Amino acid sequence: MVGDNRFGVAKKPLYINIIRKPLDRLVSYYYFVRYGDDFRPSLRRRKAGNTETFDECVAKGGNDCDPVHLWLQIPFFCGQDAECWNPGSSWALERAKYNILQNYLVVGVRTRDFIAVIEATLPRFFRGAVALFNEGRKSHLRKTSHKIPPKPETVKRLQSTQVWKMEQAFYEFVQEHFEFTKNQIFEIVDGAYVEKGNLFHYEKIRPR
């Protein structure tokens, strides 16, 4: 692999990551800081005691649900330039896409599918990961407690913002690229995913 002299390393590391739908992430975090999760349920979070719903927050234009808080995944993949953190920046969006294509082995959008892909592409490190995820008891950890789905009018209001549109465009770009990657690795045999040219079976995750 091509080295990166900026960091004094001979080989470029393999980057992998996973993202989620921007609005789902914001709603989940909104309730997480109020009610916590099932990983450490006894830990008191910084907004504990605040029972205002996400819908109520959006209706009054509150800070915690401000669309600017959706601007998180694009800056992360964009890099260290100041423009990356400018909400709604077209340059930041395009830079984030470029980095996905040039610097990442895989960026997933669904946990189980992502695990199957990295097991197939990096078996030295992740062999058995799908079975562990499917059979393990901790695959669900870090689920936000007391999360109330937003009302349609709330969703519509947020989806009208430029920040949501750009974060959603980034998510859809990653999703399309991930599906392409997955389809290069797996084929569907008798209703189950099977790794092409291998006996690796992805049996418990059915095609959508």
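In the block above lies the structure referred to throughout.
Predicted model, so just to flag it, every value in this text is computed and none were measured.

## Structural notes on the overall build of the protein chain
- Looking only at helices and strands, one finds nine helices and five strands in the protein chain.
- For the protein chain, the residues scored as buried account for 40% of the 208 residues in total.
- Within the protein chain, contacts between residues at least 6 apart in sequence are counted, and of these 59% link residues at least 24 apart.
- Carbon and sulfur atoms provide 52% of the accessible area of the protein chain, an area that totals close to 12,800 Å².

## Digging into the packing of aromatic side chains
- Applying the stated rule across the entire model yields eight aromatic pairs.
- Consider the rings of Y31 and Y35, whose centres lie 6.3 Å apart with planes at 25 degrees: the pair is stacked. With a gap of four residues between them, Y31 and Y35 both fall in helix α1 (residues 22–35), about one helical turn apart.
- A residue is classified by how much of its surface remains accessible, and Y31, at 1% relative accessible area, is buried.
- For Y35, a relative accessible area of 28% gives the class partly exposed.
- For R34, the ring lying beneath its charged end belongs to Y30, and the centroid distance is 3.7 Å.

## Details of the nonpolar core
- Counting 45 residues, the largest nonpolar core has I19, F54, I74, F77, I100, F170 and V174 as the members making the most contacts within it.
- By residue number, the principal contributor to this core is helix α9 (residues 162–185), which donates nine residues.
- Residues in contact with I74, not counting those within four places in the same chain, are A92, L93, A96, M166, E167 and F170.

## A closer look at the pattern of salt bridges
- Here the structure, examined in full by the defined rule, presents seven salt bridges.
- Between D113 and K182 there is a salt bridge, with the nearest N and O atoms lying 3.1 Å from each other. Highlighted residues: D113 in helix α5 (residues 111–121) and K182 in helix α9, separated in sequence by 69 residues. Each member of the pair, D113 as well as K182, is classed as buried.
- The partner of E179 in a salt bridge is K182, and the shortest N-O contact between them spans 3.4 Å. Of this pair, E179 and K182 are both found in helix α9, three residues apart, which corresponds to roughly one turn of the helix.
- Since its relative accessible area comes to 23%, E179 is described here as partly exposed.
- Residues joined in a network through salt bridges with shared partners are R110, D113, E179 and K182.

The rules behind the values
- Counting restarts for each chain, with residues numbered from 1 along the sequence as it is written.
- Per-residue local features are limited, in this predicted model, to residues with pLDDT of at least 70; the limit for side-chain atom pairs, both in listing and counting, is 80 or more; totals at the level of whole chains, interfaces and linings are taken over all residues.
- By convention in this description, side-chain values take in all heavy atoms of the structure and omit both hydrogens and water.
- Strands here mean DSSP runs of E at least two residues long; helices mean DSSP runs of H or I at least four residues long; both are numbered from the N terminus.
- Exposed residues in this analysis have more than 50% of their type's maximum accessible area, buried residues have under 20%, and partly exposed residues fall in between, with area computed by a 1.4 Å probe over protein chains only.
- Contacts are residue-level and defined by heavy atoms, with any inter-residue pair within 4.5 Å sufficient.
- Note that accessible areas follow from Shrake-Rupley with a 1.4 Å probe, and for residues the cover is restricted to the protein chains shown.
- In this analysis, rings of Phe, Tyr and Trp, with Trp reduced to its six-membered ring, are considered paired at centre separations within 6.5 Å, and the interplanar angle assigns stacked below 30 degrees, edge-to-face beyond 60, and tilted for intermediate values.
- Any Lys NZ or Arg CZ found within 6 Å of a ring centre and within 35 degrees of that ring's normal is scored as a charge over the ring.
- What we call a nonpolar core is a set of buried Ala, Val, Leu, Ile, Met, Phe, Trp, Tyr and Cys residues that are connected through their side-chain atoms within 4.5 Å.
- Criterion for a salt bridge: a side-chain nitrogen of Lys or Arg within 4 Å of a carboxyl oxygen of Asp or Glu.

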